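Take a look at the letters that make up each chain.
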Amino acid sequence: MRIIRTIEEMQRECRSARRAGSLGLVPTMGALHAGHLSLVRRARGENDTVVASIFVNPLQFGANEDLEKYPRTLEDDCEQLERGGVELLFAPAPEEMYPRMNALKPQTMVDPGAIATRLDGASRPGHFIGVATVVTKLFHIVQPDRAYFGQKDAAQLAVLRQMVRDLDFDLELVACPIVRDSDGLALSSRNRYLSETQRRTALAIPKVLRSLRTRIELGDRRSPDLLRAGESELGQKSGLALDYLAIVDPDTLLPVPEALPGALVAIAAKVGETRLIDNFIVE
Ligand code: AMP
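For the structure given in this document, a descriptive report is provided here. On a predicted model such as this, the values are computed, not experimentally measured, just so you know.

## Some thoughts on the nonpolar core
Here comes step 1: Counting residues in hydrophobic clusters, the biggest one holds 48 residues, and the most contacted among them are Met10, Met97 and Phe139.
Here comes step 2: Sorting the residues of this core by element identifies helix H1 (7-20), strand S2 (23-28), strand S4 (88-90), helix H6 (127-142), strand S5 (146-150), helix H7 (154-166), strand S7 (240-248) and strand S8 (264-271) as the ones contributing at least two each.
Here comes step 3: Residue contributions to this core peak at 9 residues, all from H6.
Here comes step 4: Each residue touching methionine 10, except ones within four places of it in the same chain, is listed here: Ile4, Val51, Leu88, Phe90, Ile141 and Val142.
Here comes step 5: Judged by nonpolar contacts, the second largest core, of 24 residues, contains Leu194, Val208, Ile216 and Phe280.

## Focus: empty space enclosed by the protein
Here comes step 1: Under the criterion given, the structure shown has 3 cavities of 30 Å³ or more.
Here comes step 2: There is about 800 Å³ of room inside the largest cavity.
Here comes step 3: As for the largest cavity, its lining consists of 41 residues, of which Met29, His36, Lys152, Asp153 and Gln156 are closest to the centre.
Here comes step 4: Among the secondary structure elements, those contributing two or more residues to the lining of the largest cavity are S2, helix H2 (34-46), H6, S5, H7 and strand S9 (274-281).
Here comes step 5: Per-element accounting of the lining of the largest cavity gives the leading share, 6 residues, to H6.
Here comes step 6: Looking at the lining of the largest cavity residue by residue, the classes come out as 21 nonpolar, 14 polar and 6 charged.
Here comes step 7: The space that makes up the second largest cavity amounts to roughly 50 Å³.
Here comes step 8: Around the second largest cavity sit Lys152, Leu185, Ala186, Ser188, Asn191, Ile205, Leu276, Ile277 and Asp278, which together line it.

Reading the values: rules and limits
- Residues numbered from 1 in each chain as written.
- Predicted model: local features only at pLDDT ≥ 70, side-chain atom pairs only at ≥ 80, totals over all residues.
- Heavy atoms only, no water.
- Core = buried A, V, L, I, M, F, W, Y, C linked by side-chain atoms within 4.5 Å.
- Buried < 20%, exposed > 50% of the residue type's maximum accessible area, 1.4 Å probe, protein only.
- Helix = DSSP H or I, 4+ residues; strand = E, 2+ residues; numbered from the N terminus.
- Contact = heavy atoms within 4.5 Å.
- 1 Å grid on protein atoms, 1.4 Å probe; cavity = no way out; pocket = protein on both sides within 12 Å on 5 of 7 lines; lining within 4 Å.
- Points joined across faces, edges and corners; volume = space filled by probe spheres on them.
- Nonpolar A, V, L, I, M, F, W, Y, C, P; charged D, E, K, R; others polar.

As far as function goes, none of this settles anything; it's purely spatial.
Structure representation (structure tokens):
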């Protein structure tokens, strides 16, 4: 695996890889776990060359968020990516990606519009502008045939699907299933912030999703009823602050009145200072 730090070299390497065959991109912020590696495995199965990126994108963090303390484990990440069969790793410094940062913002940004203000975008203003901007840059640098994202970040997927359509990116977005720990908690780089007690508290998140799934399977599909039941289940949990519990259209992120097949049931909550998200699609 080659580790590449500059945009110029990355563009050169990707240009020559594209001449040899198809190219799959797995964008990450590092601190890799089995969720990330499932994306790499899928990309490995579907492309001639697999490219991963590790970049903790300052543009998608709010002023009071965890940019400084976000886990950075490059050496270990490299070993895992190498074992996963990645050929090229793009790991640029922030100054390489944003050399013209002006008042902490680059001059050109990609604004996905209203969709970027829903779900996580409502609680994290500007977050999806940061995501859309960095992903646009990665798409331009790598020009992949396919790009792999996790269903765990369902709102991010919706924003990026819209962006790919609106801006005519010539690539396929591939959504990959959520990978969970044996206790049911969705894997996340942020899980390592949790104390043992907090981790037990966090298990209320997958648990409430399981209860909602069961209710839906039993025919209880009205969103207001489901949300009320979910919120009351979580209301009893101390140490957990619900950000949102929502039943929405997975493409627009707008609320739907009933949890019909295809609807997205999504949750975000803070356990201590750690913000966790999870979801499922109604079958
Ligand atoms: P991150 O490093 O958190 O930005 O995540 C990079 C990619 O990995 C994103 O597309 C995430 O949706 C995906 N991802 C993160 N956690 C999981 C998980 N538990 N299962 C599947 N994909 C995941």
